[in-house]
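Next come the chains, spelled out residue by residue.
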Amino acid sequence: MPHTLASLVNHTALKLTVLAGEERLDVPVRWAHASELIDPVPYMEGGELLLITALKLDAEDAEATRRYVRRVAEAGVVGLGFAVGVNYEQVPQPLVEAAREQGLPLLGVPRRTPFIAISKAVSAAVAADQYRAVTAGFEAQRELTRAALSAEGPAELLARLAAHLNGWAALYDASGAVVAAAPDWAARRAARLADDVSRLRGRPAPASSVVSDTDGDDRVELQSLGTGRRARGVLAVGTGAPLGTAERYAVHSAVALLTLTTERSRALQDAEQRLGAAVLKMLLAGEPDHARAVAGRLYGGLLDAPFRMLVAEPVAADDQPSPGAGAAAGSAGVLDALADAMDSAAARTGEAVLAVPDGDRLIVLVADGGAAADACAAYAAEAEAEARAGAQARPGGRPGRAEAVHGGAGVAVGLSAPTGPTAAANAYRQAEQALSVARRRGRALVEHEDVAAGSVLPLLADDAVRAFADGLLRALREHDATGRGDLVESLRAWLARHGQWDAAAADLGVHRHTLRYRMRRVEEILGRSLDDADVRMELWLALKATSAPQGE
């Protein structure tokens, strides 16, 4: 409990009397300081009890006294102590009236009470308060440590922390999802802080922030967890007032314990990742039995049911410069964000996810129809929706969802069809093919099933294909530009009618002999025979590629 003016007045040894400001005696006192300067404000920090004898102040000059009192009050001085019987036998009335005007407590200090006695009383009270805070902090630390080591782990730690703060606490994972909260109702409160948590996660750990303009009446502090470049989680605490010293000790202890827990979990995840890499290598090498044996209980359930394989790569905007260190970090962050989203979704349902970084790629095995696959699809859908709305990356350097397309450091994902361990290599090829299409179309996610079920024509919307088509048809277009015949459209009609002269001629409105003559001219100009099926195929694709819209 902070020392107040009221506790000083009630100190029987000091014999202080209240002359003004009786209604503000409950104000905490940070320190007691004696000064005879006409302007002591430059040496004040706020929260002091200022002790004076009016050695240099003409306390009977009403205007000078009023200016003095107003200035110290505005500087944050919480009260004045006036020595009676030193320079003035009684407290001057102008000083009393000025203090009342400012609502500033004025205490009369009897001659037998030295200022140093008041300073010692305040110092002893401050030291006692600090000792109580440190003791309470250490007790909270022991209690939180026992909670962290219990079977409930972080959930029990949050419950103890919330009780100690007389508020609420919540824990977010690396993807920004709420994984635990205490009391239970706090989960709804914590969910409304998603944007603030996302901004904090974009800053290197450790970092903290105080949330302003919150929906509730509480004061919310956010603390990131982790020791590396990326935050491994975030702790949120909500209280009715700013944290005191003891409460601050408790929060710092919770941050340290949760960071230790997350870093230890990260070490286990790294070991699981190495095991997953070995399993994936065996699957792609066509050794499903060996892969099952190595997977054991960790990944065995994933291989027992249909799974999908996805390959993700970072993408950069076409108008951005060559990637540097910052771009590389952003690209890695995007893949990490996608992996975190899938890991968090899978953890909530208890399903396994096998994720393996492969250079600047991320290869993942997810259960078909599972939570991780849904999280990947949701991540991509939200990214494309925000991109269409013109959303920008979130501040702080952290890639936003909208960056999952080609705006900034984003990601493209190719997803295979459902498969099993014996066909893992084929699933990998499917995922790579879908990834290639995703990049070409500027999509965040493309499933191989969609590619296989669609038309081949959108695949022609590629600069290399268009360049080939333009080169192949250039001579015919130059011929037509002279007005000596419409060879391109005649070729198109003839190929569309599978070489049927009468039908193609009818479509063009010319005689079939005219069409035959034009096709001979096509062969002469191109130097290639239309009897060759490969030639007819290349010409047809060239016509389709040059007539397809650029955005198709």
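That block above? That's the structure.
Let me sum up the structure you'll find in this document. Bear in mind the structure is a predicted one, so any value in this text is a computation, not a measurement. (Residues numbered from 1 in each chain as written. Predicted model: local features only at pLDDT ≥ 70, side-chain atom pairs only at ≥ 80, totals over all residues. Heavy atoms only, no water.)

Concerning the environment of V72
Relative to the elements of secondary structure, V72 occurs in helix α2 (residues 62-74). It is 7.7 Å that separates the C-alpha atoms of V72 and P40, two residues lying 32 residues apart in sequence. Dropping the residues within four chain positions of it, V72 is found in contact with P40, V41, L50, V77 and L104. (Helix = DSSP H or I, 4+ residues; strand = E, 2+ residues; numbered from the N terminus. Contact = heavy atoms within 4.5 Å.)

A word on the sheet that holds strand β14 (residues 410-415)
Read across the open sheet, the 5 strands follow the order β12-β13-β11-β14-β15; overall the sheet is mixed. Only two strands of the sheet have a single neighbouring strand rather than two, namely β12 (354-358) and β15 (445-447). Between one strand and the next, the sheet's axes are offset by a mean angle of 20°, whatever the strand orientation. For strand β11 (residues 307-315) and β14, the ladder comprises 6 bridges, and the chain directions are antiparallel. Paired with A312 across the two strands is V413, which belongs to β14. Sheet contacts for helix α9 (residues 288-303): β11, β12 and β13 (361-367); angle to β13, the most-contacted strand, approximately 75°. Those strands touched by helix α12 (residues 424-441) are β11, β12, β13, β14 and β15, and its axis lies near 35° from that of β11. (Pairing = 2+ DSSP bridges. Axes fitted to C-alpha atoms, helices over the stretch in contact; angles between N-to-C directions.)

Overview of the nonpolar core
By size, the foremost hydrophobic cluster in this structure holds 27 residues, and its most contacted members are V279, L280, L283, L303, M309, L354 and L365. Among the elements of the structure, α8 (245-284), α9, β11, β12, β13 and α12 are those that each provide at least two residues to this core. Sorting elements by how many residues they give to this core places α12 first, with 8 residues. Apart from the residues within four sequence positions on either side, M309 is in contact with L280, L284, I363, V364, L365, G414, L415, S416, A424, A427, Y428 and A431. Grouped together as the second largest cluster of nonpolar side chains are 25 residues, V334, A346, V353 and A380 included. (Core = buried A, V, L, I, M, F, W, Y, C linked by side-chain atoms within 4.5 Å. Buried < 20%, exposed > 50% of the residue type's maximum accessible area, 1.4 Å probe, protein only.)

Overview of the pattern of salt bridges
Evaluation of the coordinates by the stated rule reveals 25 salt bridges. Put simply, E63 and R66 hold a salt bridge, and the shortest N to O gap is 3.0 Å. Linking E63 with R66, this pair stays in helix α2, spanning 3 residues, or about one helical turn. Overall, E63 belongs to the partly exposed group, its relative accessible area being 41%. Overall, R66 belongs to the partly exposed group, its relative accessible area being 28%. (Salt bridge = Lys/Arg side-chain N within 4 Å of Asp/Glu carboxyl O.)

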